[in-house]
Amino acid sequence: MTAQIIDGKALAEELRQSFKARVEALAAKGHRPGLVVILVGADPASEVYVRNKVNGCLAIGMHSEKITYEATVDQETVLNKIAELNADPNIHGILVQLPLPKHFDEEKVLEAIAAEKDVDGFHAENVGALAQGNPRFIPCTPYGVMKMFEKGGVDLNGQEAVVIGRSNIVGKPMALLLINAGATVTVCNSRTRDLKFHTRRADILVAAIGKPKFVTADMVKPGAVVIDVGINRLPDGKLCGDVDFEGCKETAGQITPVPGGVGPMTITMLLANTIEAAERKAGL
Ligand code: GUN
C-alpha cells in the first residue's frame, strides 16, 4: 500500500494564515513582532534560507531585517551588534544563521543572544529548559516535525522512535521532544553499527543525516511514519531528501516529501517563536 503523504507546505500555509491575527493584535498594542537575521559570509544556501526567513516574516505583517557581514568580519563586531539588538525593544527575535566561518566560536555567539530573544532555541538556557521538559523556545525544525505529528494524529506515547542524526539543530532536540512526548527513543548516527537493525524497529523514523536517499525501503518498518529532514542537491540540480522517497513510500504508512515536507515548517515555527517572544514581552 502507498503511504499517506504528510503535506508540510499546506500545513505551513494554514499556520501562517492563523498567525496574522496574532501579529495584528500585537501591532495594535504597539508590539509588532520583529526578527533580525544575521548572516556572516555568502554561502549560497544560507543566503536563500535567510531571504526566505525575512520574507516569511514580512508576508504576515511582522517586521524583519537582514544584517550581513563579510566572511572575514571579526567576532567582536558581531557580538557588539548582538548586544545592541538585545537592548532594542522593537526586536523580539535574533537569529544568527549557521554555520559561521571557522574563526568564530559558535557557542560564544549563540550564548550572546538574550535567552528571551533566542527564537532558534539554541541558547544553553533554552536547551536546558527543553531537556527538563519545560521548553521556552523549541528549535524550529524539530518543532515543525512535532506539529506535523499533531496534524496527522500520530500518537507518540509508547512508540519506538529512531532519529538518525545527532546535531544540535535537529537530532538532539528532536530526540528530547520525542522523549517528552512519551516515545522510546534511539538516536543513531552515521557510525551506528547495524543501523538497519534499529531503523527496522522504528514506528517513527526521523532522518537528519544530510546524505541523499540514505534511507532505503529495506530499512523501514512496514506502516512506519517516516520524516525526512534532509535537503540535498543532486548533480542535476534537483532537491532530494535523506530518504529514498519513491522506494520508501511503498513501505511507510506516512511519509514527508522533499521538497514540500519539513522544509516549509521550519520557517513557520521560526515565525511562531518570534510571535511568542513578542507576546511574552507584551505580557500576553
Ligand atoms: N542553519 C541550518 N539550519 C539552521 C537553523 O535552524 N537556524 C540557524 N540559525 N542556522 C541554521
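For the structure given in this document, a descriptive report is provided here.

Procedures and definitions
Residues numbered from 1 in each chain as written. Predicted model: local features only at pLDDT ≥ 70, side-chain atom pairs only at ≥ 80, totals over all residues. Heavy atoms only, no water. Helix = DSSP H or I, 4+ residues; strand = E, 2+ residues; numbered from the N terminus. Rg over C-alpha atoms; globule rule 2.2 N^0.38 Å. Buried < 20%, exposed > 50% of the residue type's maximum accessible area, 1.4 Å probe, protein only. Contact = heavy atoms within 4.5 Å. Areas by Shrake-Rupley, 256 points an atom, 1.4 Å probe, with all protein chains shown as cover. Lys, Arg positive; Asp, Glu negative; His and termini not counted. Charge placed at Lys NZ, Arg CZ, Asp CG, Glu CD. Polar contact = N/O pair within 3.5 Å; in protein donor to acceptor, adjacent residues only side chain to side chain. Disulfide = S-S within 2.5 Å. Near = heavy atom within 4 Å. Nonpolar A, V, L, I, M, F, W, Y, C, P; charged D, E, K, R; others polar. Phe/Tyr/Trp six-rings, centres within 6.5 Å; stacked < 30°, edge-to-face > 60°. Lys NZ or Arg CZ within 6 Å of the ring centre and 35° of its normal. Pairing = 2+ DSSP bridges. Axes fitted to C-alpha atoms, helices over the stretch in contact; angles between N-to-C directions. Parallel < 35°, antiparallel > 145°, perpendicular 65-115°, else oblique. Left-handed = near helix turned anticlockwise from the far one by under 90°. Core = buried A, V, L, I, M, F, W, Y, C linked by side-chain atoms within 4.5 Å.

When you go through the chain residue by residue, the secondary structure sums to ten helices and eleven strands. In terms of C-alpha radius of gyration, the chain reaches 19 Å, essentially the compact-globule figure of 19 Å for 284 residues. Once the C-alpha set of the chain is aligned to its principal axes, its extents read approximately 50 × 40 × 40 Å. Within the chain, the fraction of its 284 residues that count as buried is 50%. Look at the contacts in the chain between residues 6 or more apart in sequence, and 69% of them connect residues 24 or more apart. For the chain, the accessible area works out to roughly 13,100 Å², and carbon and sulfur atoms hold 51% of it. When the 31 positive and 34 negative side-chain charges of the chain are each reduced to one mean point, those points stand 3 Å apart.

Along the chain, glutamine 97 turns up in the loop between strand E4 (93-96) and helix H4 (106-112). Looking at glutamine 97, the relative accessible area reads 8%, which means it is buried. Looking at glutamine 97, its side chain comes within polar contact range of the side chain of lysine 53, at 2.7 Å.

A full pass over the atoms with the stated rule returns zero disulfides. Here cysteine 57 stays unpaired: no disulfide links it, and the sulfur of cysteine 140, its closest cysteine neighbor, is 10 Å away. Among the residues examined, cysteine 57 registers a relative accessible area of 0% and is labelled buried. Cysteine 140 gets classed as buried once you look at its relative accessible area, which sits at 6%.

In this section: the site of the ligand. Taken together, Lys53, Leu95, Val96, Gln97, Leu98, Asp120, Phe122 and Ile169 make up all the residues around the ligand. Taking glutamine 97, its side chain carries an N or O atom lying 3.3 Å from a nitrogen atom of the ligand. In this structure, aspartate 120 approaches the ligand through a side-chain N or O atom, which is 2.6 Å from a nitrogen atom. Within the complex, the protein chains bury 83% of what would otherwise be the 280 Å² of accessible surface of the ligand. Of the residues that constitute the shell around the ligand, the class distribution is five nonpolar, one polar and two charged.

Next up on the list: the packing of aromatic side chains. Each pair of aromatic rings is reported with the distance of its centres and the angle of its planes. Considering all chains together, one arrives at zero aromatic pairs under this definition. Cation over ring: arginine 280 sits above phenylalanine 137, and NZ or CZ is 4.6 Å from the ring centre.

A few words on the side chain of threonine 274. Locating threonine 274 in the fold gives a position in helix H10 (residues 262-281). Among all residues touching threonine 274, those that are not within four sequence positions of it are Pro33, Gly34, Leu35, Met62, His92, Gly93 and Val119.

One open sheet holds the three strands; their spatial order is E3-E2-E4, and the pairing between them is parallel. The open sheet has two free edges, formed respectively by strand E3 (63-69) and E4, since each of these has just one partner strand. Taken pair by pair, the neighbouring strands of this sheet meet at an average axis angle of 15°, ignoring direction. Summarising the sheet, strand E2 (residues 34-40) and E4 pair through four bridges and their orientation is parallel. The residue bridging isoleucine 38 from the neighbouring strand is valine 96, located in E4.

Time to look at the packing of helix H2 (residues 44-59) against H10. At a minimum axis distance of 10 Å, the contact between H2 and H10 shows a crossing angle of 50°. As judged from the angle between their axes, H2 and H10 are oblique. In this structure, H2 crosses over H10, and the sense of that crossing is right-handed. Between H2 and H10, the residues in contact are Tyr49, Asn52, Lys53, Gly56 and Cys57 and Ile267, Leu270 and Leu271, respectively. A breakdown of the residues in the contact of H2 with H10 according to their chemical character gives five nonpolar, two polar and one charged.

On to the nonpolar core. Side chains that are nonpolar tend, in soluble globular proteins, to be buried together. Ranked by size, the top nonpolar core spans 50 residues in total, and within it Phe149, Met174, Leu178, Ile204, Ile227 and Val229 carry the most contacts. Among the elements that take part in this core, H10 stands out by supplying nine residues, more than any other. Ignoring any residue separated from it by four or fewer positions in sequence, one finds leucine 178 in contact with Phe149, Leu156, Ala161, Val163, Ala183 and Val185. Judged by nonpolar contacts, the second largest core, of 20 residues, contains Ile82, Ile91, Ile94 and Leu110.

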